[in-house]
There are 2 protein chains.
Amino acid sequence: MPGPLDGVVVLDLTHVLAGPFASMVLADLGAQVIKIEQPGIGDRSRASGPFIDGESSYFMSINRGKLGMTLDLSKARGKEILLQMVERADVVLENLAPGAMKRLGLDYPVLKERNPRIIYAAISGFGQDGPYAGKPALDVIIQGMGGVLSITGEPGGPPIRPGVSQGDITAGLFALIGTLAALHERARSGLGQMVDIGMLDCQVAILENAFTRYFATGEVPQPLGTRHPVTAPFQAFQTRDGYITVALADGRRDQWPLFCSAIERVDLIDDPRFKDGWVRSQSYQELEPILTEAMRKKTSQEWLAEMEALGIPCGPVNTIDQVARDPQVLHRGMIRDLPHPRLGKVKSVWTPVKLSRTPVGADTPAPDLGEHTARVLREFSNLGEEELRSLREEGVV
Amino acid sequence: MPGPLDGVVVLDLTHVLAGPFASMVLADLGAQVIKIEQPGIGDRSRASGPFIDGESSYFMSINRGKLGMTLDLSKARGKEILLQMVERADVVLENLAPGAMKRLGLDYPVLKERNPRIIYAAISGFGQDGPYAGKPALDVIIQGMGGVLSITGEPGGPPIRPGVSQGDITAGLFALIGTLAALHERARSGLGQMVDIGMLDCQVAILENAFTRYFATGEVPQPLGTRHPVTAPFQAFQTRDGYITVALADGRRDQWPLFCSAIERVDLIDDPRFKDGWVRSQSYQELEPILTEAMRKKTSQEWLAEMEALGIPCGPVNTIDQVARDPQVLHRGMIRDLPHPRLGKVKSVWTPVKLSRTPVGADTPAPDLGEHTARVLREFSNLGEEELRSLREEGVV
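Because the structure is predicted, anything quoted here is derived from the model rather than measured. Residue numbers restart at each chain and count upward from 1, following the sequence in its written direction. As a convention, the first chain written is A and the first ligand written is 1, with the rest following in written order. Only residues with pLDDT of 70 or above have their local features reported here, since the model is predicted, and side-chain atom pairs are shown and tallied only from 80 upward, although totals for entire chains, interfaces and linings are computed over all residues.

Engineer: Help me understand the overall build of chain A in this model?
Structural biologist: Here a strand is any run of E in DSSP of at least two residues, a helix any run of H or I of at least four, and the numbering for each starts at the N terminus. When helices and strands are counted, chain A shows 17 helices and 14 strands. Projected onto the principal axes, the alpha-carbon positions of chain A cover approximately 85 × 50 × 40 Å. Note on burial: count the other C-beta atoms lying within 10 Å of the residue's C-beta; 20 or more is buried, 12 or fewer is exposed, in between is partly exposed, and C-beta positions come from the backbone. Residues classed as buried in chain A amount to 58% of the 397 residues present. Residues are scored as being in contact if the C-beta atoms we place from backbone atoms lie within 7 Å. When contacts within chain A are restricted to residue pairs at least 6 apart in sequence, long-range pairs at least 24 apart make up 70% of them.

Engineer: Explanation requested: the packing of helix α7 (residues 166-189) of chain A against helix α8 (residues 199-206) of chain A in the structure shown.
Structural biologist: When two helices pack together, their arrangement is given by the angle between the helix axes and the distance between those axes. All names here are of chain A. For helices, the fitted line uses only the C-alpha atoms of the stretch in contact; every axis is such a line through C-alpha atoms, and the angle between N-to-C directions lies from 0 to 180 degrees. α8 packs onto α7 with a crossing angle of 90° between their chain directions and a minimal axis gap of 9 Å. Between α7 and α8, the angle falls in the class roughly perpendicular. For the pair α7 and α8, contact is made by G167, D168, T170, A171 and F174 and by M199, C202, Q203 and I206, respectively. Gly is placed with the polar residues, together with every amino acid not listed as nonpolar (Ala, Val, Leu, Ile, Met, Phe, Trp, Tyr, Cys and Pro) or charged (Asp, Glu, Lys and Arg). Of the residues contributing to the contact of α7 with α8, the split by class is 5 nonpolar, 3 polar and 1 charged. An angle counts as roughly parallel when it lies under 35 degrees, as roughly antiparallel when it exceeds 145, as roughly perpendicular when it falls between 65 and 115, and as oblique in every other case.

Engineer: Looking at this model, I keep getting lost on the domain arrangement of chain A. Mind explaining?
Structural biologist: How big an interface is tends to be expressed through the accessible area that disappears when the partners come together. The split of the chain into domains comes from an automatic or database domain assignment. Annotation of chain A at the domain level lists domain 1 (9-206 + 336-393) and domain 2 (234-317). Between the C-alpha centres of domain 1 of chain A and domain 2 of chain A there is a distance of 44 Å.

Engineer: Looking at this structure, I do not really get the sheet that holds strand β9 (residues 234-238) of chain B. What am I missing?
Structural biologist: Strand pairing in a sheet relies on backbone hydrogen bonds, with the paired strands running either antiparallel or parallel. Residues and elements named next belong to chain B. Overall, antiparallel pairing links the 3 strands, which are arranged β9-β10-β11 in an open sheet. A strand with exactly one partner marks an edge of an open sheet, and here the two such strands are β9 and β11 (314-316). Sheet twist, expressed as the mean angle between neighbouring strand axes with direction ignored, is 25°. We call two strands paired when DSSP finds no fewer than two bridges between them. In terms of strand pairing, β9 meets strand β10 (residues 243-247) through 5 bridges, oriented antiparallel. By the bridge assignment, A236 is partnered in β10 with T245.

Engineer: What's the story with the pairing of strand β9 (residues 234-238) of chain A in this structure? I'm lost.
Structural biologist: Look at any regular strand and the pattern is simple: side chains alternate between the two faces of the sheet. Among the 5 residues that make up β9(A), 4 are buried, leaving the element largely enclosed by the rest of the structure. In this antiparallel pair of consecutive strands, β9(A) and strand β10 (residues 243-247) of chain A, the connection spans 4 residues.

Engineer: When you look at unusual backbone geometry in this model, what are you seeing that I'm missing?
Structural biologist: Generally, phi is negative for residues other than glycine and the peptide bonds are trans, each holding for most cases. Following A:G49, the chain continues to A:P50 via a peptide bond in cis, the omega torsion being -5°. Along the polypeptide, A:P50 turns up in the loop between β2 (32-37) and β3 (51-52). Phi at B:D53 is positive, roughly 50°, even though this residue is not glycine. Positionally, B:D53 belongs in the loop between β3 (51-52) and β4 (55-56). In this structure, B:N382 is a non-glycine residue whose phi angle is positive, near 50°. As for its placement among the helices and strands, B:N382 is situated in the loop between α16 (373-381) and α17 (385-393).

Engineer: I'm lost on the relation of the copies chain B and chain A in this one. Help?
Structural biologist: The relation between the two copies of this chain is a rotation about an axis and a shift parallel to it. Overlaid copies result from least-squares superposition on C-alpha atoms, with residues included only where pLDDT is at least 70 in both. Rotating chain B by 180° and translating it 0.0 Å along the rotation axis places it on chain A, where the RMSD comes to 0.0 Å. The superposition of one copy onto the other is thereby described by a two-fold rotation axis. Taking C-alpha positions as the reference, the residue of chain B nearest the rotation axis is B:P162, at 2.5 Å. Of the residues that chain B buries at the interface, 100% are likewise interface residues in chain A, meaning the two copies contact each other through the same surface.

Engineer: How should I be thinking about the sheet that holds strand β14 (residues 354-355) of chain A in this particular structure?
Structural biologist: Reading across from one edge, β14(A)-β8(B)-β7(B)-β6(B)-β1(B)-β2(B)-β5(B) is the order of the 7 strands in this open sheet, with mixed pairing throughout. Edge positions in the sheet fall to β14 of chain A together with β5 (67-70) of chain B, since each of these pairs with one other strand and no more.

Engineer: What is the right way to look at the environment of B:V346 in this model?
Structural biologist: All names here are of chain B. Tracing the sequence through the fold places V346 in strand β13 (residues 344-349). Residues V346 and R77 lie 269 residues apart in sequence; the distance between their C-alpha atoms is 37 Å. Setting aside residues up to four positions removed in sequence, V346 forms contacts with M60, L338, H340 and P365.

Engineer: Help me understand the pairing of strand β13 (residues 344-349) of chain A in this model?
Structural biologist: Residue and element names in this part refer to chain A. Pairing of strand β12 (residues 335-340) with β13, which is carried by 6 bridges, proceeds in the antiparallel orientation. When the bridges of β13 are listed, L338 appears paired with V346. Connecting β12 to the next strand, β13, in antiparallel fashion are 3 residues.

Engineer: Explain the interface of chain B and chain A here, please?
Structural biologist: Contacts between chain B and chain A engage 126 residues on the former and 127 residues on the latter. A per-element tally of the side of chain B that touches chain A places helix α7 (residues 166-189) of chain B first, with 14 residues. Grouping the amino acids of the side of chain B that touches chain A by side-chain chemistry returns 75 nonpolar, 38 polar and 13 charged. In this structure, β14(A) lies alongside strand β8 (residues 194-198) of chain B, joined through 2 bridges in antiparallel fashion. Bridging across to β8(B), A:L355 finds its partner in B:V195.

Dropping the structure here:
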């Protein structure tokens, strides 16, 4: 059975992370994703380590399930081939600097002329317009400008970057949402449109809580270690031998008494300073020494066993190797061995989108540079062997 | 003009963050989102501070654009009303504990009987199956179990929680992607399906890079402050008066010489230890003292002006108040004053999904508990005033 996006053709002009991550999800959902790269150079993440027998593990991890072709969009024949492909495609996805596609004569108005149904999704640092539109942007710059760095770290300490490239990833996810919504609308109107995603916009959107607090109180949010800004306890604690997380659910008023009993401080149950999550977060300075002292008395395993028995939400602070062998992660099929023509099998992270009726997940390896050029050109441009040879000689593909 | 999801009816059984954030995006995209809450209690985030004249700013920030009704799903008449509504809905979205909907007799197989076209999206901590499926999970627990906490922080330091609830937010975004893909497929098959999103799965998916490095090298990723694991410089630096970020793009080999010239260390340009981003990230211990010493010599503004003039990607580390008045953020319309019946206007974060032809963004305020109960029941269940009165008396709505 085909995937849910079977029949959707995506021309993928993206590189490195936000775009390729998004187009990999489209491939997982069953779309035919054609990754188009500059001849001889390709996506610059092909040069990112670590390498497995010379193959970039980074590139492999965000490009599986795609077809790969080369096409020089600066050459007239390259442009014309792209436009021919646009006529038969549904989605164009790019994350070049704003203006780059226009300079190539391949921006949305031009593509729309050739195919009014095309959906053109662009991911950029700051979006297609505004005072910063021309500025270069990479993940840490966007996380810094969007405010996350300023609220990640120890209280009073230096900024910390979250260990995930969420500046890129969230922009990729919002681009997918916009693209899929535009596809839905196209079924009715028959018309495509442009999806303009700015990484900085996405940072503001996912920090709704920090902005909301600032607007409500005028207080500028600060880094809080592992704490949550509006409820407590909701954080990691140091135990006798490591760290665990504990988080009481707001609205589950039974959990605070159980937690107090677990840490042998039943005297706190009815203390008005600690009556609910919001109030506890506001009187945290008084609560903190009590909790940190108590939590150091037992090992992580002892605490997790006790708290789980009481139904208190808690968990280990896993390192990446521990996550990779976690029984739940394995049960959900999140780690797979994918076949690779030269490397045998390559361990890969799998899709988190689980559907009940249609399959999700593309298990072909990331393409070599230009691996499927001939196949794609035959299918989309009806080009024969001779024309292909001439394109190769001219460096168009 | 209607939004791209105009005509899509969403029954929203979600609470707190991952689910409400997702359904707010659906409302922004033009879907009719009906938030269904327990009579007299409602979404527990209504009790989360900070409050503006008694209204939860937290609740308001993730529930705009929705209709609000109450319905007691534990009562037979409440169940029957929900099932009647399911017959005329497209999507049911819930983030209850796995099993809760089944205990109510309202799980996907039951709903599908009433409407085979229904798309049932469930967000949970660990997904609907597996050894942890029954465990409670909240954002920090999932970020801990998924590995992000272990790679966020200072080298050798304690775990740090990213300042954004990305455990919840990313699960909401993947749930939207699955739901929209299922909607697309339904147009062909006429059938709905279940979308099963586990927050832990999503953490693994967005940490593709950390897992990939571990699989490639066997080395367990560690916290790196603000650094990037596979390229350098790509981080925040302390300046004479604060912090800025600098990030060189891999594949832009012109940037390293420019950066070396900016920090007056042209002797490093051809140093083989520092020849490209990957190599620099591997010899970072030698690079670090050079960079940190150099970057402390000027103020943030001096560095930003110099580096921008050279085309080196860089940016400020903004606090939330600075982001809220940033010219680009304002130009992109990311902060809006939304009308509110009692509070006048409320500042709100706007949607990052920008479409060129159909409008996006729902500007009605978050509903009061049960505000639209009568309206929704009239529309979906053809109930008259008398029946409504009896439902109220019985506590069904």
